[in-house]
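Single-letter residue listing:
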Amino acid sequence: MYVDAHVHLGRYPDPTGVLAAVESAGIACVAVTDTPAEYQRGLPWLRRPLVEVALGVHPLHAAELGPEDLARFDQLVEGCAWVGEVGLDGSPEGLATLPAQREALGRVLAHPSIHDKVLTVHSRGAEGEVIATLARAGVTAVLHWYRGSLQDARAALEAGMSFSINPAMVGSSAGRGLIAALPPERVLTETD
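Residues numbered from 1 in each chain as written. Predicted model: local features only at pLDDT ≥ 70, side-chain atom pairs only at ≥ 80, totals over all residues. Heavy atoms only, no water.

**Student:** Just checking my understanding: could you explain the overall build of the chain for this structure?
**Tutor:** Looking only at helices and strands, the chain has eight helices and eight strands in total. Here the C-alpha atoms of the chain give a radius of gyration of 16 Å, agreeing with the 16 Å that 2.2 N^0.38 yields for 192 residues. Along the first, second and third principal axes, the C-alpha atoms of the chain reach 40 × 40 × 30 Å. Looking at the chain as a whole, 49% of its 192 residues qualify as buried. Considering only contacts within the chain whose residues lie at least 6 apart along the sequence, 61% involve residues at least 24 apart. Here the chain displays about 8700 Å² of accessible surface, and carbon together with sulfur accounts for 56% of that area. Averaging the coordinates of the 14 positive side-chain charges in the chain and doing the same for the 23 negative ones gives two points 2 Å apart. (Helix = DSSP H or I, 4+ residues; strand = E, 2+ residues; numbered from the N terminus. Rg over C-alpha atoms; globule rule 2.2 N^0.38 Å. Buried < 20%, exposed > 50% of the residue type's maximum accessible area, 1.4 Å probe, protein only. Contact = heavy atoms within 4.5 Å. Areas by Shrake-Rupley, 256 points an atom, 1.4 Å probe, with all protein chains shown as cover. Lys, Arg positive; Asp, Glu negative; His and termini not counted. Charge placed at Lys NZ, Arg CZ, Asp CG, Glu CD.)

If you want it as structure tokens, here you go:
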């Protein structure tokens, strides 16, 4: 069975059509969301036998989330098996909001049931910090579209983390180098 471990179904122009194609092909997928509100909106139409809906607090949306959004996360996390997309973004796009991102990620990792979940994690431009933070928290994590160093990747592997890879990664020499260095049992596929 093919597994898509990280897909933003809600971002497609025709998410219902994509979902029908996924079901028809027998593909299992983890439909990630960016906010607790998106997760709630998506549950009625995304939840299917082969689809896990992940509760997200995307780092690039962290600064927009208020206390009520994080309280909503706390309420909803009990009902999901996957959490994501969560993490940090230290790229030029996310640099200004890193303090809010760190606060949101800390809130996610502090939830009492987080150790019962699988996290799909964004780490662009903050790979070392994200890996160290996840390792300290002792959570089950999948680093999606990882672009960091091989040294940080080794630290993630030592902490028990996995990686999800996508076609864009296969198309770059850095991505191919990372994939070659990963144990196959720690690799998942994704379409992000």
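On we go from here.
**Student:** Hey, could you run me through the sheet that holds strand S1 (residues 3-7) in this one?
**Tutor:** Pairing between the strands of a sheet is mediated by backbone hydrogen bonds and can be parallel or antiparallel. The sheet built from three strands is open, its strands ordered S1-S2-S3 with parallel pairing. Bordering the open sheet on either side are S1 and strand S3 (51-54), each of which pairs with just one other strand. Across the sheet, the mean angle separating the axes of adjacent strands is 15° when strand polarity is ignored. Examined bridge by bridge, strand S2 (residues 28-32) and S3 share four bridges and lie parallel to one another. Bridge assignment links Ala 31 to a residue of S3, and that residue is Val 53. (Pairing = 2+ DSSP bridges. Axes fitted to C-alpha atoms, helices over the stretch in contact; angles between N-to-C directions.)

**Student:** I tried to follow the pairing of strand S7 (residues 162-165) on my own but got confused; where do I start?
**Tutor:** Regular strands place side chains that alternate from one sheet face to the opposite one. Here S7 shows two buried faces, one formed by Ser 162 and Ser 164 and the other by Phe 163 and Ile 165. Here three bridges tie strand S6 (residues 140-144) to S7, and the two strands are oriented parallel to one another. Its bridge partner being in S7, Leu 143 is matched across the sheet by Phe 163. With helix H6 (residues 150-158) bridging S6 and the parallel S7, this β-α-β connection has right-handed handedness. Pairing of S7 with strand S8 (residues 187-189) involves three bridges; the strand directions are parallel. (Right-handed = clockwise from strand over helix to strand, strands pointing away.)

**Student:** Can you help me understand the pairing of S6 in this one?
**Tutor:** The element S6 is extensively covered by neighbouring structure, given that four of its five residues are classed as buried. Relative to S6, strand S5 (residues 118-122) is paired through four bridges, and the arrangement is parallel. Within S6, the position partnered with Leu 119 by the bridge is Ala 141. The parallel pair S5 and S6 is bridged by helix H5 (residues 127-137), and the resulting crossover is right-handed.

**Student:** Explain the nonpolar core here, please?
**Tutor:** For soluble globular proteins, nonpolar side chains are generally found buried alongside one another. Val 83, Leu 119, Leu 134 and Leu 143 are the most contacted members of the largest nonpolar core, which totals 49 residues. In contact with Val 83, not counting residues within four places along its chain, are Ala 54, Leu 55, Phe 73, Val 77, Val 108, Ile 114, Lys 117, Val 118, Leu 119 and Thr 120. In this structure, Val 30, Val 32, Trp 82 and Val 142 belong to the second largest nonpolar core, which totals five residues. (Core = buried A, V, L, I, M, F, W, Y, C linked by side-chain atoms within 4.5 Å.)

**Student:** Could you clarify how one ought to interpret the packing of helix H4 (residues 98-110) against H5 in this entry?
**Tutor:** Relative orientation and spacing of two packed helices are given, respectively, by the angle between their axes and the distance between those axes. Between H4 and H5, whose axes approach to 11 Å, the crossing angle comes to 25°. The orientation of H4 relative to H5 falls into the category roughly parallel. The way H4 lies across H5 gives a crossing that is right-handed. Note on element contacts: H5 touches H4 through Glu 129, Thr 133, Leu 134 and Ala 137, opposite Arg 102, Leu 105 and Leu 109. Looking at the contact of H4 with H5, its residues break down into four nonpolar, one polar and two charged. (Parallel < 35°, antiparallel > 145°, perpendicular 65-115°, else oblique. Left-handed = near helix turned anticlockwise from the far one by under 90°. Nonpolar A, V, L, I, M, F, W, Y, C, P; charged D, E, K, R; others polar.)

**Student:** Explanation requested: the sheet that holds S5 in the structure shown.
**Tutor:** Strand order in the open sheet formed by five strands is S4-S5-S6-S7-S8, and the pairing between neighbours is parallel. What marks the edges here is a single partner per strand, and that holds for strand S4 (82-87) and S8. Sheet twist, expressed as the average angle between the axes of neighbouring strands with direction ignored, equals 30°. H4 contacts S4 and S5 of the sheet and is inclined by roughly 155° relative to S4.

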